[in-house]
Structures are given as structure tokens and as C-alpha cells.
Amino acid sequence: MSSTSAVLTKPGPDGHAEPAVVPAGSPVRSAGRRTVALVWRVVKPAVAIVAFLALWEIAPRVGLVDEVFLPPFTTVVGAFADLIGDGRLADHLAASLSRALVGFFVAVAVAVPLGAAIGWYKPVADLSNPILEVFRNTAALALLPVFILILGIGETSKVALVIYACTFPILLNTISGVRTVDPLLVKSARSLGLPTHLLFRKVVLPAAVPTIFTGIRMSAASSILVLIAAEMVGAKAGLGYLITASQLNFRIPDMYAGIIAISLVGLVFNGILVSIERRLSRWRADR
């Protein structure tokens, strides 16, 4: 049989099945290829994850690592389910999310307009660059003791630390996005007589959206990571507190369950932001 056709069956005159040739490029064969491609697209990202989880499950059971310090994945899943069942995970998750989201949204509200102004107006850039260079190279966690001394050990210091950690990735990417807009777009808009404020709103900002969202996604990850570290010091609730308390009380499965919860929160954050970016960047040819 030629490679350009496929063999299926169809009922013959006597009721028995007989071969039927389906030419290449027919709707049936095209649909089959699309189905296979769709299934592979769904399965492909999961292969590495399944392999990792299988290794996690097998390694402690066969003695490659100490089961006390790295319980099998199924044991951690059981602890995760217990945390959900007794409501502890929901309480810690709510505490962490409230702090992270407040800090993140404040950072976005401050950093995007400020970054756009610095990227678009040279006098603003000349005035702000020296102080930006000082603070952009100062790690957020290095300032945790300062925030605690000034703002106390409560919620305010944790939210302020998240704002600080989230601001600079958004700010720097916004500046870069505004400054790297294709000059031909700007010249074309100016040649059409577009006023400056409309030029900025209709041309510059939409063209800078992908770069801005790169910074926003980086900040979303930073908001979780920095907050978890802050919650390990002086907090009574939150995923960071859950991990630290579980380690100190030698509830190792609970500790890993908290780490998995952090990973899931990060994945959800990133998925939401990617979806928003795609909606705002539908004009791009590669979207």
C-alpha cells in the first residue's frame, strides 16, 4: 500500500467488512493527526514531572535516600490531604496570599507608572537613576531586619518587604520596555499627527506590554519567595510559618506539603499572568 493512503474498513454488500482506501490529506486522516498532535502537546510537559515524582516515590522506598528526611511522594500527598481536611492549609494559605497580593498589587500600581515616566521622560530618568542604582543592587532579604526594626514584626513589615522585592523587577522592565519600542512605530505615529499623550497610550504602552509583563511575572514569583522567608521569622500563620514549624516539630511530610503548596501557588500566579498578557498582546503576530 502506498504511503500516501491509509486503509480502513467499510461494510461490503454481503455485510462483511472490506478494506477502504483513505487518501492522504483526507479529513479523516487529518483529524487523526490533529488528535495525536493534541494528545502529545498535553502529555509532553507532564513526562518530566511524572518521571520526577516516580523517582521521588521510589528513591526512599529502595533506600537511595533516608525515608525519614525524604518521605515517599504518596506519604507527602497524604499529609497534604490531612492539612486540607483539618483546615490548616487553608488558614496558612489565606494568610500568605493576603500579604503577597497586597504587596504585589501595590508594587504594580507604583512601579508601572513610575517606570513609564522614567523610560519616556529623560529629565525624570536623570533625576531618579542614581537612587535606583543604589537600591536595585540591594537584596530584599538583606533589608528584612531593617523593615522589622522600623515597622515592627507584624503584618506591615512583611507587606513592605514584598512591595520592595516586587517593585524593582517591574520598574526596570517597564523602563526597558518603553525605551526599546520600535522607533519606526513612534515616527509613523508622529507623522500622522498623533498627540504625545495618545502616542504614549496607543503606541508606546501596547508595544511595551510584553516586557512589562516579564517584570510582573518575575515579581509574582518574588512576592511568594520573599514572603515565605519573612514568614519564617516572627509569624504565627502563613506557608513559611507552616514549613518552619513542621521542621522544628519534625513533621517532615507536613513540611514537604507546605513546599508543594508554594509551588502550586506560584504556578497559578504565573498561569493567570500569562493569560492576562495574551489578552493584552493579541495584536502580536506570534500570539
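An unreviewed UniProt entry annotates the protein chain as ABC transporter permease originating from Rhodococcus gordoniae. Taken from UniProt, the Sequence similarities (unreviewed entry) comment for the protein chain reads in full: "Belongs to the binding-protein-dependent transport system permease family." Check the Subcellular location (unreviewed entry) section of the UniProt entry for the protein chain; it says "Cell membrane".

**Digging into the overall build of the protein chain**
When helices and strands are counted, the protein chain shows ten helices and two strands. Counting helices and strands in the order they occur from the N terminus, the protein chain gives β-β-α-α-α-α-α-α-α-α-α-α. Here the protein chain, with 287 residues, has 36% of them falling under the buried criterion. Here the analysis covers contacts within the protein chain between residues at least 6 apart in sequence; of these, 64% occur between residues at least 24 apart. Just so you have it, the protein chain exposes about 16800 Å², and 69% of that area is on carbon and sulfur atoms.

**Here's the deal with the confidence of the model for the protein chain**
Do not read the predicted coordinates in detail wherever pLDDT is low. Confidence in the prediction for the protein chain averages 81 pLDDT; 86% of positions are at 70 or higher. Note that pLDDT drops below 50 for residues 1-5; the model gives that stretch eleven contacts with residues more than four away or on any other chain.

**Observations regarding a nonpolar patch on the surface**
On the surface, Leu38, Val39, Trp40, Val42, Val43 and Val47 cluster together into a nonpolar patch covering about 570 Å² of accessible area. Summarising the element assignment, Val39 is placed in helix 1 (residues 27-61).

**Considerations on the side chain of Asn173**
Within the secondary structure, Asn173 is located in helix 6 (residues 155-179). The buried category is assigned to Asn173, whose relative accessible area is 16%. Separated by 2.7 Å, the side chain of Asn173 and the backbone oxygen of Pro169 make a polar contact. Non-local contacts of Asn173, meaning those with residues more than four positions away in its chain, are made with Thr211, Ile212, Thr214, Gly215 and Met218.

**Some words on the nonpolar core**
With 58 residues, the main nonpolar core has Leu89, Leu161, Leu171, Ile216, Ile224 and Leu239 as its most contacted residues. A total of 15 residues in this core trace back to one element, the largest contributor, which is helix 8 (residues 196-231). Among all residues touching Ile224, those that are not within four sequence positions of it are Ala100, Ile262, Val265 and Phe269.

**Looking at the packing of aromatic side chains**
A full pass over the atoms with the stated rule returns eight aromatic pairs. Through a chain of ring-to-ring contacts, the aromatic side chains of Phe52, Trp56, Phe73 and Tyr256 assemble into a single cluster.

**A short note on the packing of helix 6 against helix 8**
Packing of helix 6 against helix 8 brings their axes to within 7 Å, and their N-to-C directions diverge by 155 degrees. One way to sum up the angle between helix 6 and helix 8 is to call them roughly antiparallel. Helix 8 is crossed by helix 6, and the crossing has right-handed handedness. Split by residue class, the contact of helix 6 with helix 8 holds 16 nonpolar, ten polar and two charged.

**Examining the environment of Phe105**
Structurally, the position occupied by Phe105 is in helix 3 (residues 88-120). For Phe105 and Ile163, which are 58 residues apart along the polypeptide, the C-alpha to C-alpha distance reads 8.3 Å.

**A short note on the UniProt feature "transmembrane region" (unreviewed entry) in the protein chain**
In this structure's numbering, the residues bearing the UniProt feature "transmembrane region" (unreviewed entry) are residues 38-56, 68-85, 97-122, 134-152, 159-178, 198-216, 223-243 and 255-276. Secondary structure across residues 159-178 comprises 100% helix and 0% strand; the distance between its end C-alpha atoms is 28 Å. The span residues 198-216 is 100% helix and 0% strand, and its two end C-alpha atoms sit 24 Å from each other.

**Some remarks on the environment of Ala160**
Relative to the helices and strands, Ala160 resides in helix 6. Taking C-alpha positions, Ala160 is 9.9 Å from Leu227, a pair spaced 67 residues apart along the chain. Aside from chain neighbours lying at most four places away, what touches Ala160 is Phe147 and Leu151.

**Looking at the packing of helix 9 (residues 239-248) against helix 10 (residues 252-280)**
Here helix 9 crosses helix 10 at 160 degrees, and the two axes come no closer than 7 Å. Taken together, the axes of helix 9 and helix 10 lie roughly antiparallel to each other. In this structure, the crossing between helix 9 and helix 10 has a hand that is left-handed. For the pair helix 9 and helix 10, contact is made by Leu239, Leu242, Ile243, Ser246 and Gln247 and by Ile252, Asp254, Met255, Gly258, Ile259, Ala261 and Ile262, respectively. For the contact of helix 9 with helix 10, the residue count by class is eight nonpolar, three polar and one charged.

**A word on the pattern of salt bridges**
In the structure shown here, the tally under the stated rule is seven salt bridges. The partner of Arg88 in a salt bridge is Asp86, with the nearest N and O atoms 2.9 Å apart. Under the relative-accessibility criterion, Asp86 is labelled partly exposed at 45%. Close ionic contact of Glu231 with Arg99 constitutes a salt bridge, the shortest N to O distance being 2.6 Å. You can see Glu231 sitting in helix 8 and its partner Arg99 sitting in helix 3, a full 132 residues away along the chain. Relative accessible area serves as the criterion here: at 1%, Glu231 is assigned to the buried category. Linked through salt bridges whose partners overlap, the residues forming this network are Asp86, Arg88, Arg251 and Asp254.

Parameters and conventions
- Residues numbered from 1 in each chain as written.
- Predicted model: local features only at pLDDT ≥ 70, side-chain atom pairs only at ≥ 80, totals over all residues.
- Heavy atoms only, no water.
- UniProt positions renumbered as here; feature names shortened; annotations may be inferred.
- Helix = DSSP H or I, 4+ residues; strand = E, 2+ residues; numbered from the N terminus.
- Buried < 20%, exposed > 50% of the residue type's maximum accessible area, 1.4 Å probe, protein only.
- Contact = heavy atoms within 4.5 Å.
- Areas by Shrake-Rupley, 256 points an atom, 1.4 Å probe, with all protein chains shown as cover.
- pLDDT = per-residue confidence, 0-100.
- Patch = residues over 30% accessible without salt bridge, like charges linked within 9 Å, V, L, I, M, F, W, Y side chains within 5 Å.
- Salt bridge = Lys/Arg side-chain N within 4 Å of Asp/Glu carboxyl O.
- Polar contact = N/O pair within 3.5 Å; in protein donor to acceptor, adjacent residues only side chain to side chain.
- Core = buried A, V, L, I, M, F, W, Y, C linked by side-chain atoms within 4.5 Å.
- Phe/Tyr/Trp six-rings, centres within 6.5 Å; stacked < 30°, edge-to-face > 60°.
- Axes fitted to C-alpha atoms, helices over the stretch in contact; angles between N-to-C directions.
- Parallel < 35°, antiparallel > 145°, perpendicular 65-115°, else oblique.
- Left-handed = near helix turned anticlockwise from the far one by under 90°.
- Nonpolar A, V, L, I, M, F, W, Y, C, P; charged D, E, K, R; others polar.

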